[in-house]
Structures are given as C-alpha cells and as structure tokens.
Amino acid sequence: MSIIIDRRLNDRNKNAVNRQRFLRRYKAQIQRAVDQMVSKRSITDMERGGTVNIPIKDISEPSFRHGKGGDREIVHAGNHSFSPGDRIPRPPPERGTAGGQGEGDAQDDFVFSLSREEFMNLFFDDLELPRLVRNVLGDVREYKWRRAGYTPSGVPANLSILRSLRNATARRIALRGALQRELCEVEAALQRAPTPELLRRAERLRARIRHLPFLDEVDLRFRHRVREPQPVARAAMFCLMDVSASMTEEKKDLAKRFFALLYLFLSRKYERVDLIFIRHTDNAQEVDEQTFFYGTQSGGTVVLSALKLMDEIIASRYDASTWNLYGAQVSDGDAFGADPEKSRAFLEEKLLPRLRYFAYVEVPDEPGRTGSLAHTYGRIEDERFAMRSVSARNGIYPVLRELFAREAA
Amino acid sequence: MISATVDERKTAAGQATDVAQTAGAAGAVAAARPLSTGAEWTFDLIDAYDRAIREIAVGEFGLDCYPNQIEIIASEQMLDAYASLGLPIGYSHWSFGKEFIRNEHLYRKGHQGLAYEIVINSNPCIAYLMEENTMAMQALVIAHACYGHNSFFKGNYLFRQWTDAEAIIDYMVFAKKYVAQCEERYGLEAVEEVLDSCHALMSHGVDRYHHPAPLSVEEERRRQIERERHAWKQFDEIWRTLPAKSRGRERKGMRAEPSFPAEPQENLLYFIEKHSPCLEPWQAEIVRIVRKMAQYFYPQGQTKVMNEGWATFWHYTILNRLFDKGLVDSGFMLEVLAAHTNVIAQRGYDQRGYAGINPYALGYAMFTELRRICETPSEEDRHWFPDIAGCRNWRKVLDFAMRNYKDESFIAQYLSPRLMREFRLFAIADHEGEDSLFVDVIHNDQGYRRLRRLLAAQYNRDYQIPDVQIVRYERRGDRSLTLRHRRHRGRPLDEAAEQVLKHVHRLWGFTVRLVTVDENDKQVGMLEVK
C-alpha cells in the first residue's frame, strides 16, 4: 500500500542555508561583481537586485578527471553519410569533439541573480554610522501609543460598548429609584382609597419611568489612548558638495555618485536620518535632493561658505545635544587664498566638537595628487575626521566602505 | 487484498454506468469507466491511479517493489531536491548552494525545465511528484518511479550489493547532525575545508569489490564513539618520553616492512580515513560520511541506461495496459505518449540539442527490443541471441537482465544489430597520433561487434574516471603518500589534478606525490605537494 503525503506546505527554502554559505564563501568575488555593477549603473538605478557573474574557474570543484589527449573512441548516433575510414578534420580546440555540437559551448561565467535584499545587504554589509548615540530628547519625535483608561468623549471608533451600557444601566437604576418608590406609595394609597387624583399621579409616574432614556449621551465612554514620547537616536547628515567651475562634469558625477550611495545607505539603514543638502560655489545654498543631484550650477569656490551655512543650520535647527550630527564633503580640493586655512580652522574648532563624524572625499584632477584643501585638512587630528581620495567610478564604493566601516566592537 | 479493493471499485464504477445508461446497457461491463477525465488531480485520484497501476505492475507483471511513499512537492522544493543530489536530507555545504543557485537561475530564465519526479533508493521508496503535473503526468510518474525505478532498486545486483535502502535516510540524518555538531565545536571554516577536500576525492572514494556492513543510526553512532574512544586509549604520553630509536633499528624496521600498503588501494577516501597521520577523529568521521555517500551513489552512475530504460519501459507498458482496460481515456493517453516521446527522443549528432546518447532512449529501446526478440524474433535475432530468441517468456528474460547487469555488461550482452541500425550508431576515433579524426566503425555487418564493444566500453568506469590509486605510504619514514595514476590509453589528467593533490595534502598533512605511469608502468610524470 502506498503512502501519499502532501509536502507542499513544508519548508521551501531548504537550501537557503547552502545558498548563504555559497554567498559567504565567494563574498569577495561577489562583492567585486557588485562593485562593478554599481559603477555602471545610473544614480537612480542603484537600488535594485542584479545578475552577478563570477568566473567559473574561481568556484569550480576539482576532481581527478581525464584531460585532453590520448586515444579514445566515441560512439555517436544519427549517422547518415559516414563510412568506416572517413577522415574528419579535428575541430578547433575550444569546441568539443567531433559532431558533439552540444558539448562545445563552454561556460565561462557562473551567472546568478541576487535579490534586491541580498544585493543591498552585500552592498552595505558592515557599514554604519560611527558613534551613533541613542539620546532622549526634549523635542521628541517618536511616540508610542499607550492605553489610558476611558474618557467621556471621543470618536465612535473608540466607543467602549460594554462601559457605555454599564453606565446606562446604572443611570437608569439610579434615576428610576425615587420614582419607583413614589409610585409604590401611590399604588398603596390607591389600594386603600382610590381617587382620580391618585390615579392620575400613578399614571404620570409610570410615564416618567417609561420615558427614562435607555442610553443617554452622558453614558457614553470611549477608550482613551495617550502618546508617550520615546527615546530615539536621531541623526542628521550634512552633504556638502563643491559645484564650482573647476569641478568638471566627470567629477560632479563622481561626487553625486558618492552621495547617492551615502543617501541609499542612510535611508536604508536608519529610518530617522535627516539629510541636508548643501552645495556651494563661492556662496553656499541649501537645496533639495532633486536639485542637489540633478541641478547644474557653476561658479567660483569658497569652501568656508558651505561650512558656515552648515553651522547656521545646526544652530537654527539641529541642536547638537539632541541630534547625532554627521557631515560629508566632496570637493576637487581647489581652494584659494586664505580659504582652505580658514575652512580648516572653522571645521576643527567650531564644527567638529559638535559632530560625531566628518568625512571628506576629494576628487583630484589626477590620481594621487592632493588638492590644497586636502593638504590643510590633513593637519586636522581628530578621530572624528576622515579623509579619502577618489578618482574613478569604481573607487567610490570602496571609499564609502572604508569611511563607514563598522568598528570592530 | 489490494486487487480485491480495486475490483470492488471497478464493479462500483460499472454499476454506476449501468444506472446512467437507462436503455441498452450492453457494453457496460466490458468498458470500465475511466478513473478520471481532464487534467486536474486530487489526492483521491492519485490514490486511485496508484492502486490501478499497482494492480497491473505487481499483480499482472509481477514487479517486486519496496513499499511506496509518494510525496507531492512544489517546484521550489524540486529545486531544493536537485541541489542535495536528490536526497531529502543532507549536511550543509556551499557546493549544494552553488548547484541550487545554478539550477534556479536556469529554471527562472527558462533554459531548463524541471524533472517530473525524483525517486530515492530507500525503503520505503520515496518519490517526489511535482504539483504542476497534470493527472496524466502524475500517473506516468507513478508508473515510472514508484514501480519502474523502485523495482530496479530492489532487484539490481549493484544496488543490492552496495546500498542499503533501509538505512540511507537514517544515515543522512546522522550525517547532517554530526556535521552540524562539528561546525558548532570546530567552526564553519574547519569543517568546510575537510568537506571540500573530501568532495574533490569523492569519485575516488568508492569500493568496488567488498561489501560494506549494513549501517543504522544507532550502530553508526556507537561505532563512531568507539572509534574515538579507541583513539583516546591508544594515546599515551609515555611513548613520547622514549629515547629516539637508533638508526640501525629504524632501518631494520623499514626492511621488515618494505612497502605499505601491500596492494595498491583504489579507495582513496577509505585509506585516508584509516591511515591519515594528521586527521582528528571528527575529521576522519567526516571523511567517512562523504565516502559513504559516494558509495551510495556508485550504483546509480553505473546503471543510468538500464535504470532509466527499465523505468521507461514499464511506464509505457503499464499505462498502455491501463488504457486497454478502459481505465483511462484517449486524451490521457495522448498526453502520456507526447511526454513519453519527448523522453525517448534520440537526436542525431548533427541535430540541434544533441548531447550524446540519450540513456532513456537507449535503455527503453533495449528493453523493448528484448521483449520483441522473445516474442517475434527475426532470423538475425536467432543468430545473435539463440538462447532467448522466441522463448516467449519475455518477463523472465527482462527480469534476469535487470537483476544481473550494469550498463557496460548490459550493452555488451544485449545491444542488437537492429538497434544499432535504428540509432545509426557510429564511432569516431580520436587518436593523439593522428592529425584528424576518423570514423572507426559504423552500423554494418563488419562493425556490429566492435561498435557494441566500443559503446559498452564507454559506460565502463575507467573510461569516465581516471585510475588513481595509493601505492605507497612511508609509515616509518617521512610519512609521505604516493598516488599512482595509470594512464588509460594515453589519456592524461586534466589540470585540476594539481588542485586535487592539494586537497589530498590537506587531508594527509605530509608530502603527497602523484606519479603518472603509462600502461607499461613506466613513469612519465610526477606532481608533488609538500
């Protein structure tokens, strides 16, 4: 007798663990592939799964096998024209053996798809905002609803029927008591000596009892909830980008890519991160996301203007005691006159003490060259400050990783 | 018992027909009503079909099967089953993940369909049926897997000798648990390293000549503890304090044992498990697990053509019988035949999608041919197969062939000239000394015997897997291990050999050498990993 079992409801992802092992083992290769993929994508298109190619050689499992060469005979099917002794030129090396058309297509790459989730995980694996503090704040923005008994007013959705009817019953009993007592007396008197006067009174009392409302407005009770403030980690990231004329389209593209990745990382990892976009030429302005990434503006260079604007915004909107503040600046490093030195001093003395972290990324004209800004920034000695240089698209992602690598706990 | 219930069902169906046909109920008894119409399947229907098929397979044709366990699964689960080599349970390893990802990708992109079924050589015999199949396909798969493959697993000598259907699932449960425990105790990487190395040697971890004792979970665990305990007992600090032996005595010792092992050992994993100087007990146990798995799969590799041919022959025969009995309608049969024809299609070498000889096609054709030779032999058959031609009792002949052959010997014994003509078989010779390939032999009178021998040789294990054996272990000296690869008709190892040797070295811990010799034992090359 056969047993028939429905296994469709069983776990479908038996191989999830093996898949994860595979991804873990070839993390380096996959990350490289992800890296390449990102450098090819447009800014809007970063957040998507993707197809990964890994050279099959890297992941092959070796075993003792016959190699090419030596003597052998292979039997095939479907002969229609060969006779014994017919000669066939040897096919070119890469292809399979004679006639074996199916064997010829050697696969070079191991191709597979990463889900969006896996892609993003790999992408932002081990990244986090440094020194994020969960601080209780005066101006709390996160609340939790909590029950707080009952109130006599509210929206119908919150009506507590049980409570309301219980109140109604109590009210009806209370109000009826006196009338009932009077009625009893009147009825007793009626028994003794019925008069029309007494009859009318009894009738009136009965009517009053009858007219007591079943449910009155005063009976209604509503479930009450109050919002309780919750401690929360709030962070604000200032994105500072140099859009002066010396920033060529290419450099701006690099800068925007860097911020796009940063933005993606922050908006994905942290729900409550305020992003402030500041772009500057010789004067700085706060702009929205759209303008920041897609706007075209050009001009001279005064780095200090951006830092000052940042300082103003902090002063007006982001109190350093209640916010985790971060800054990221991208520039080609060109700065003139006293500007770099002033900027350094401003950053080091005024801004940094209030910030958790400040990252400076330079996109130099040619790899290896340091701009004047980087030169002066180099003197800042503070663990909250980090500086990197990027000169090609595929360098952006590694730099982001370096800057926001999770600290070894 | 079973046939009685089926009979009851049939009469009940017959009666229903009688009632339905109010007038002229003449043909009602002869033509039973089909079990179902349309493509939808239900569990009750699967049960009904299974009973009907069992009655034919076991009752009429006398197939000897393990009990069946039919499991309905979804396509994702089928992909899962693919990755774990068809076993329902297995230890975790990245290579299974790789296989899974590869199949999943091919499937999602539509490059590859999924098998209709997977069947596991266990007792009870577990068959996975895909939920996407239609009723006709489910019936085909039940006939194919649950009665075809099943009876092959139970009957064929290689399976009887080398696998233990009773214990495999239990053993895999043990293996999974044990590997997981090791991962906990020694870390993922350490376990993965050992598994990687073992997998590289899996094809050389097979015994071909002596029978392993049956294993069960309890027994296996007891023995594993015993082995570990024994190793503990053997360890004695005091031996370390002995003064070093004098050179003379050492020499004497070497002379007393000139060479170890006395005979070359072809089961590399077994030798490593028993003799490796560096393996911890748990590592040796993992080597053992992989070796057991390799052994379990050994018969399947040797009987691909026969096994598939047998199952295909039986699904075809059984379902046709089902049709003859009027239990299925012609729509059902058309669908079955369409699927069947796809399965047994053999393309020519110059046609698209040609991938060598299709084992389903060859196996099916050979079993069908055997039946034909028994029933309606031609002159040629009488000349080639005098002992079976016209013997009428085809079931006995097929049963004998199924039980006592593997692919190589089955083809060498039973491939008929008629089939060689039908498949238009020919052999291409690829000799290193020649500038071009040439046609060695084709399907003609002069060629039949050689063609048959060549095709059989193609299913010989030596043709597929190089001959690598352990010839020397310097137990008294530097503990180096020497492997010998004997070239089969001058065919060298491919370049992965060096990688494999590194894996051997990891398991062995001391110098490992791979010596390549030609067919006359003359050394032609050497690789060494220190």
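Keep in mind that this is a model prediction, so the values were computed, not measured.

Visitor: Describe the overall build of chain A, listing the residues and the values that go with them.
Guide: Helix and strand counts for chain A come out as 12 helices and 13 strands. Burial statistics for chain A: of 409 residues in total, 29% are counted as buried. Across chain A, the fraction of contacts at a sequence separation of at least 24, relative to all contacts at a separation of at least 6, is 79%.

Visitor: Describe the overall build of chain B, listing the residues and the values that go with them.
Guide: Each helix and strand in chain B was counted, giving 23 helices and nine strands. Counting only residues that meet the buried cut, chain B has 41% of its 530 residues in that class. In chain B, the share of contacts with a sequence separation of at least 24, taken over all contacts with a separation of at least 6, comes to 71%.

Visitor: For the sheet that holds strand β2 (residues 117-120) of chain B, give the residues involved together with the corresponding values.
Guide: Spatial ordering of the open sheet is given by β1(A)-β1(B)-β3(B)-β2(B), a layout of four strands whose pairing is mixed. Because the sheet does not close on itself, it has two edges, and the strands there are β1 (3-6) of chain A together with β2 of chain B. Between one strand and the next, the sheet's axes are offset by a mean angle of 20 degrees, whatever the strand orientation. When strand β1 (residues 68-73) of chain B meets strand β3 (residues 125-130) of chain B, the two strands line up parallel, connected through six bridges. Pairing of B:Asn68 across the sheet is with B:Cys125, part of β3(B). The strands that helix α3 (residues 75-83) of chain B touches are β1, β2 and β3 of chain B; relative to β3(B), the one it contacts most, it runs at about 135 degrees. Here helix α5 (residues 135-155) of chain B sits on the sheet in contact with β1, β2 and β3 of chain B, set at roughly 160 degrees to β3(B).

Visitor: So what about the interface of chain A and chain B? Which residues, and what values?
Guide: Across the boundary between the two partners, chain A contributes 56 residues, which contact 83 residues of chain B. Take the side of chain A that touches chain B: its biggest share by element is six residues, from helix α1 (residues 16-25) of chain A. Classifying every residue of the side of chain A that touches chain B gives 20 nonpolar, 20 polar and 16 charged.

Visitor: How would you summarise the pairing of strand β9 (residues 523-529) of chain B if you had to cite specific residues and measurements?
Guide: Put simply, side chains in a regular strand alternate between the two faces of the sheet. All names here are of chain B. As defined by bridge partners, strand β8 (residues 512-517) adjoins β9 across six bridges and the pair is classed as antiparallel. Residue pairing in the sheet places Val515 in a bridge with Met526 of β9. Counting the residues between successive antiparallel strands, the hairpin from β8 to β9 contains five residues, one of them, Asp521, with a positive phi of roughly 65 degrees.

Visitor: With reference to specific residues and values, describe the sheet that holds strand β11 (residues 324-331) of chain A.
Guide: Residues and elements named next belong to chain A. Overall, mixed pairing links the six strands, which are arranged β10-β9-β8-β11-β12-β13 in an open sheet. Looking at the sheet topology across the chains shown, the edges are occupied by β10 (284-287) and β13 (385-389). Direction aside, the axes of adjacent strands within the sheet are offset by 20 degrees on average. Examined bridge by bridge, strand β12 (residues 357-362) and β13 share five bridges and lie parallel to one another. Its bridge partner lying in β13, Tyr360 is registered against Met387. Here helix α12 (residues 393-403) sits on the sheet and contacts β12 and β13; the angle it forms with β13, its principal contact strand, is near 165 degrees.

Visitor: Describe the packing of helix α7 (residues 168-186) of chain B against helix α9 (residues 217-234) of chain B, with residues and values.
Guide: Residues and elements named next belong to chain B. Here α7 crosses α9 at 40 degrees, and the two axes come no closer than 9 Å. Classified by the angle between their axes, α7 and α9 sit oblique to one another. Facing Asp170, Tyr171, Val173 and Phe174 of α7, the residues of α9 in contact are Val217, Glu220 and Arg221. Across the contact of α7 with α9, the residue classes tally to four nonpolar, no polar and three charged.

Visitor: How would you summarise α3(B) if you had to cite specific residues and measurements?
Guide: By the criterion of burial, α3(B) is predominantly enclosed, with seven of the nine residues buried. Considered for burial, the residues of α3(B) that qualify are B:Gln77, B:Met78, B:Leu79, B:Asp80, B:Ala81, B:Tyr82 and B:Ala83.

Visitor: Give a detailed account of the nonpolar core, specifying residues and quantitative values.
Guide: One finds A:Ala236, A:Cys239, A:Phe258, A:Leu262, A:Ile278, B:Ile53 and B:Ile286 to be the most contacted residues of the largest nonpolar core, which totals 224 residues. It is α5(B) that contributes the most residues to this core, 13 residues altogether. Setting aside residues up to four positions removed in sequence, B:Ile286 forms contacts with B:Val179, B:Cys182, B:Val191, B:Val194, B:Leu195 and B:Cys198.

Visitor: Account for the packing of α7(B) against helix α8 (residues 188-200) of chain B, with residues named and values stated.
Guide: Residues and elements named next belong to chain B. Taken N-terminus to C-terminus, the directions of α7 and α8 make an angle of 130 degrees; their axes are 6 Å apart at the nearest point. Considered as vectors, α7 and α8 are oriented oblique to each other. Residues Val179, Cys182, Glu183 and Tyr186 of α7 form the contact with α8, whose participating residues are Leu188, Ala190 and Val191. Considering only residue class, the contact of α7 with α8 consists of six nonpolar, no polar and one charged.

Visitor: I'd like a rundown of unusual backbone geometry, residues and numbers included.
Guide: All names here are of chain B. Cis geometry is adopted by the peptide bond preceding Pro124, which originates at Asn123 and carries an omega value of 0 degrees. By the element assignment, Pro124 lies in the loop between β2 and β3. Here Arg392, not a glycine, exhibits a phi torsion of approximately 70 degrees, which is positive. Examined against the element boundaries, Arg392 turns out to sit in the loop between α17 (379-384) and α18 (394-404). Take Arg392: there are 10 C-beta atoms within 10 Å of it, and that puts it in the exposed class. Positive phi, normally seen in glycine, also occurs at Asp521, with a value near 65 degrees.

Visitor: Any chance you could break down α18(B) for me, citing the residues and the numbers?
Guide: Along α18(B), the residues classified as buried are B:Val397, B:Leu398, B:Ala401 and B:Met402. Buried residues of α18(B), seen end-on, are gathered within an arc of 130 degrees and therefore sit on one face of the element.

Visitor: Please set out the pairing of β12(A) residue by residue, giving values where relevant.
Guide: Residues and elements named next belong to chain A. By the criterion of burial, β12 is predominantly enclosed, with six of the six residues buried. On β12, burial covers both faces: Tyr357, Ala359 and Val361 on one face and Phe358, Tyr360 and Glu362 on the other are all buried. Relative to β12, β11 runs parallel, the two being bridged by six bridges. Each bridged residue has a counterpart across the sheet, and for Tyr326 the counterpart in β12 is Tyr357.

Visitor: Got a sec to walk through the environment of B:Thr376? Specific residues and values, please.
Guide: Residue and element names in this part refer to chain B. Along the polypeptide, Thr376 turns up in the loop between α16 (359-375) and α17. Given 10 C-beta atoms within a 10 Å radius, Thr376 is considered exposed. Considering only alpha carbons, one finds Thr376 and Gly390, 14 residues apart in sequence, at a separation of 6.2 Å.

Visitor: Let's hear about the confidence of the model for chain B: which residues, and what values?
Guide: All names here are of chain B. In this model, chain B carries a mean pLDDT of 84, and residues with pLDDT of at least 70 account for 88%. Every residue in residues 248-254 is under pLDDT 50, and counting partners more than four places away or in other chains gives five contacts. Across the interface, the model reports ipTM at 0.77; the global pTM reads 0.69.

Visitor: Which residues make up the confidence of the model for chain A, and what values do they have?
Guide: Residue and element names in this part refer to chain A. Summary statistics for chain A give a mean pLDDT of 80 and a share of 86% for residues scoring 70 or more. Across chain A, the element-wise mean pLDDT spans from 72 in helix α4 (residues 116-123) up to 90 in helix α5 (residues 161-192). Below a pLDDT of 50 lies the segment residues 95-107, which in the model reaches 20 contacts outside its immediate sequence neighbourhood of four places, other chains included.

Visitor: So what's going on with the environment of A:Arg279? Residues and values would help.
Guide: Residues and elements named next belong to chain A. Checked against the element boundaries, Arg279 lands in strand β9 (residues 273-280). Residue class for Arg279 comes out buried when judged on the 22 C-beta atoms lying within 10 Å of it. Arg279 sits 14 residues away from Phe293 along the chain, and the two C-alpha atoms are 10.0 Å apart. Dropping the residues within four chain positions of it, Arg279 is found in contact with Met241, Val243, Gln285, Val287, Phe292 and Gln297.

Conventions and cut-offs
Residues numbered from 1 in each chain as written. Chains lettered and ligands numbered in written order. Predicted model: local features only at pLDDT ≥ 70, side-chain atom pairs only at ≥ 80, totals over all residues. Helix = DSSP H or I, 4+ residues; strand = E, 2+ residues; numbered from the N terminus. Buried ≥ 20, exposed ≤ 12 C-beta atoms within 10 Å, placed from the backbone. Contact = placed C-beta atoms within 7 Å. Pairing = 2+ DSSP bridges. Axes fitted to C-alpha atoms, helices over the stretch in contact; angles between N-to-C directions. Nonpolar A, V, L, I, M, F, W, Y, C, P; charged D, E, K, R; others polar. Parallel < 35°, antiparallel > 145°, perpendicular 65-115°, else oblique. Core = buried A, V, L, I, M, F, W, Y, C linked by C-beta atoms within 7 Å. Arc of directions from axis to C-beta. pLDDT = per-residue confidence, 0-100.

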